[in-house]
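What follows is each chain in one-letter form.
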Amino acid sequence: MVASPRSSVRSAEMAKLTQLIDNEVFRAYATYAVIVLLKMMLMSLITAYFRITRKAFVNPEDTAVFGKGESAKKNLRTDPDVERVRRGHLNDLENIVPFLGIGLLYALSGPELSTALLHFRIFAGARIVHTFAYLIPLPQPSRGLSWAVGYTVTILMAYRVLKTALYL
Amino acid sequence: MVASPRSSVRSAEMAKLTQLIDNEVFRAYATYAVIVLLKMMLMSLITAYFRITRKAFVNPEDTAVFGKGESAKKNLRTDPDVERVRRGHLNDLENIVPFLGIGLLYALSGPELSTALLHFRIFAGARIVHTFAYLIPLPQPSRGLSWAVGYTVTILMAYRVLKTALYL
Amino acid sequence: MVASPRSSVRSAEMAKLTQLIDNEVFRAYATYAVIVLLKMMLMSLITAYFRITRKAFVNPEDTAVFGKGESAKKNLRTDPDVERVRRGHLNDLENIVPFLGIGLLYALSGPELSTALLHFRIFAGARIVHTFAYLIPLPQPSRGLSWAVGYTVTILMAYRVLKTALYL
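The structure contained in this document is the topic of the report that follows. (Residues numbered from 1 in each chain as written. Chains lettered and ligands numbered in written order. Predicted model: local features only at pLDDT ≥ 70, side-chain atom pairs only at ≥ 80, totals over all residues. Heavy atoms only, no water.)

Taken together, the contact pairs 38 residues of chain A with 43 residues of chain B. Together chain A and chain B conceal approximately 3500 Å² of surface at their shared face, both sides included; 71% is due to carbon and sulfur atoms. At the surface where chain A touches chain B, the tally comes to three salt bridges. The salt bridge partner of A:R143 is B:D62, with a shortest N-O separation of 2.9 Å. Taken together, the connections running from chain A to chain B amount to 12 residue pairs in polar contact (both at pLDDT 80 or more). Looking at the side of chain A that touches chain B, the elements that each hand over two or more residues are α1 (5–17), α4 (80–108) and α6 (142–165) of chain A. Here the side of chain A that touches chain B gets 12 residues from one element, more than from any other, and that element is α4(A). Across the side of chain A that touches chain B, the residue classes tally to 25 nonpolar, seven polar and six charged. (Contact = heavy atoms within 4.5 Å. Buried area = accessible area lost by both parts, 1.4 Å probe. Salt bridge = Lys/Arg side-chain N within 4 Å of Asp/Glu carboxyl O. Polar contact = N/O pair within 3.5 Å; in protein donor to acceptor, adjacent residues only side chain to side chain. Helix = DSSP H or I, 4+ residues; strand = E, 2+ residues; numbered from the N terminus. Nonpolar A, V, L, I, M, F, W, Y, C, P; charged D, E, K, R; others polar.)

Moving on to the packing of α4(A) against helix α5 (residues 113–135) of chain A. Residues and elements named next belong to chain A. Running from amino to carboxyl end, α4 crosses α5 at an angle of 175°, the nearest separation of the two axes being 10 Å. Relative to α5, α4 is oriented roughly antiparallel. Side by side, α4 and α5 meet where R84, V85, R87, G88, N91, D92, N95, I96, F99, G103, Y106 and A107 of the first sit next to T115, A116, H119, F120, F123, R127, H130, T131, Y134 and L135 of the second. Residue composition of the contact of α4 with α5, by class: 10 nonpolar, eight polar and four charged. (Axes fitted to C-alpha atoms, helices over the stretch in contact; angles between N-to-C directions. Parallel < 35°, antiparallel > 145°, perpendicular 65-115°, else oblique.)

Printed below as a string of structure tokens:
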């Protein structure tokens, strides 16, 4: 028995829908979104590393391993390196969240693959440079410029989404 | 030669999949998601503006332009206006991230267009009022109320997503 | 008149596209994404609760209800409980944002339903344990371990997305 056209269509659709990820622009988005998110997640590990090596904690329960009383209490302090990583982490959140949302919509707006790749690559590159510029730290305007490049790419993608999809 | 039904279906699907954005509810989501994200991104520029005009920086490398030593060091300080914008920015992150995630799933749950538009418009309006209420600042409860309106809209959309999609 | 195969396909697609949410893995993602976002949103209410009961505010306009002058000014202060909830909230943002992005792409990469459910359930469970560990607070390493479990699940999903979709 031959399946009716309708039902074969339906099962093909079901397969495809779970594989939006077959589309090349969407795959490119997925790749770079994961890269910048992993980079952002790395900031948590760097913060933990500095907190432990600098012995600079914020929660009393985190210092229990150093014993009780004064010896533990003196590890409840802020450290410039820890604070620097935390600022870099927050800056990531402020900039990567817009990229995730706007980039997803941009990928679904049907851009040319090469144009989309260019946007994603520049954004990811800029955020990686930004992290090095923040943590080393490099002299300004390295950090400022890398921030501005990522910001501008996001604005350009937002413009394309609004031009394609605007429905107020 | 006529294309087989199967292959014409396949290519139509590919086209459509890259254009989820053809769906009106999804276009409305895309529009308002971009609007609130751009609004949130604006907070970075306002922070930079206040840091520069108030000469209130947090990273030593940012003050190098003011020379070295004491003259630069005195620009490493917190400023109430800068801190206010930063709190507004963090509040945006805390509220716009849930909107992005829940709103996307809500848009895919097949709501009425008019209902969806109502949710998106109220959320975006509430967040814009919240920003003015925070930065001017307006007397309370302006900020509290605008926050609560956006929060409630997000909860209502979350309820609809769970009702439609619940799969524990 | 019988509809042409093409047009019946088209309308079926339109219906389906708005109902990506029919796919079981996607429904599971939607459910757990909403759960962790609602949990994160709860942190705002807990912060507000502690600010009001501890009378610890950060914005001068928020203390107007306590009168003017010194009596109101003394409520502009930080409180350890408020700061603890805020740290928990920020930690949620840092960890739930990657889950939202990576989890969405993972759900679209066509994993086994049972495997996907396992990832989503463990992540959501770990974040709920993390919140209790932070707010009670439980002695370490409860908070550290629950954080690490959620982090690891996110990394595993990221690996699967890159394996399926990598397009550099």
